[in-house]
Amino acid sequence: MSAEIITMLGGFAALLASGGTFAMFMFRLFVWLEGRVDVLAGEVAELRGDFSQLSREVSELRGEFRGRFGSQPAAE
């Protein structure tokens with residue numbers, strides 16, 4: 001084989017190896033990010049539950065204020 005063909009095959013092998021390395025890096029990054037998204041989705045669901053509970057508490061508090069003080073006009 002001529003030197004040009006060997007050089008081209010070496011270049012192709014290097015290109016293939018670097019592409020494979022990049023593909024593995026992107027795959028690991030995708031798996032890592034997918035795990036982080038799952039954790040964040042769990043935290044958002046937990047916050048949604050906390051917000052619902054807080055809104056119920058505020059609604060009860062508003063009802064208690066109206067029961068104790070009636071509906072008085074706002075101070076000007």
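Provided above is the structure to which this section pertains.
Residues numbered from 1 in each chain as written. Predicted model: local features only at pLDDT ≥ 70, side-chain atom pairs only at ≥ 80, totals over all residues. Heavy atoms only, no water.

Asks: Is there a simple way to think about the overall build of the protein chain in this case?
Replies: On a plain count of helices and strands, the protein chain comes out with 1 helix and 0 strands. If you line up the protein chain on its principal axes, its C-alpha atoms span 100 × 30 × 5 Å. Put simply, the protein chain has 76 residues, and 0% of those count as buried. Surface summary for the protein chain: the accessible area is close to 7,300 Å², and the carbon and sulfur share equals 67%. Of note, the protein chain has its 7 positive side-chain charges centred 7 Å away from the centre of its 10 negative side-chain charges. (Helix = DSSP H or I, 4+ residues; strand = E, 2+ residues; numbered from the N terminus. Buried < 20%, exposed > 50% of the residue type's maximum accessible area, 1.4 Å probe, protein only. Areas by Shrake-Rupley, 256 points an atom, 1.4 Å probe, with all protein chains shown as cover. Lys, Arg positive; Asp, Glu negative; His and termini not counted. Charge placed at Lys NZ, Arg CZ, Asp CG, Glu CD.)

Asks: How should the packing of aromatic side chains be read in this particular structure?
Replies: Here the distance between the centres and the angle between the planes together describe a pair of aromatic rings. Summed over the entire model, instances satisfying the criterion amount to 1 aromatic pair. Centroid distance Phe65 to Phe69: 5.9 Å. Interplanar angle 20°. Geometry classified as stacked. With Phe65 and Phe69 both in helix H1 (residues 3-69), this residue pair falls 4 residues apart, about one helical turn. (Phe/Tyr/Trp six-rings, centres within 6.5 Å; stacked < 30°, edge-to-face > 60°.)

Asks: So what exactly am I meant to see when it comes to H1 here?
Replies: Residues spaced three or four apart along an α-helix point in a common direction, a consequence of the helix completing one turn every 3.6 residues. For H1, built from 67 residues, the straight-helix expectation of 99 Å at 1.5 Å per residue is met to within 8% by its first-to-last C-alpha distance of 96 Å. Directly beyond the C-terminal end of H1, a positive phi value near 70° is found at Gly70. (Expected span 1.5 Å × (residues − 1).)

Asks: Help me understand a nonpolar patch on the surface, please; the structure alone is not making it clear to me.
Replies: Taken together, the side chains of Phe22, Phe25, Met26, Leu29, Trp32 and Leu33 define a hydrophobic patch exposed on the protein surface, amounting to about 620 Å² of accessible area. Residue position: Leu29 is located in helix H1. You can call Leu29 partly exposed: its relative accessible area is 31%. (Patch = residues over 30% accessible without salt bridge, like charges linked within 9 Å, V, L, I, M, F, W, Y side chains within 5 Å. Salt bridge = Lys/Arg side-chain N within 4 Å of Asp/Glu carboxyl O.)

Asks: Would you mind showing me how to read the environment of Phe65 here?
Replies: On the accessibility criterion, Phe65 (43% relative accessible area) is partly exposed. Along the sequence, Phe65 and Leu15 sit 50 residues apart, while their C-alpha atoms lie 73 Å from each other.

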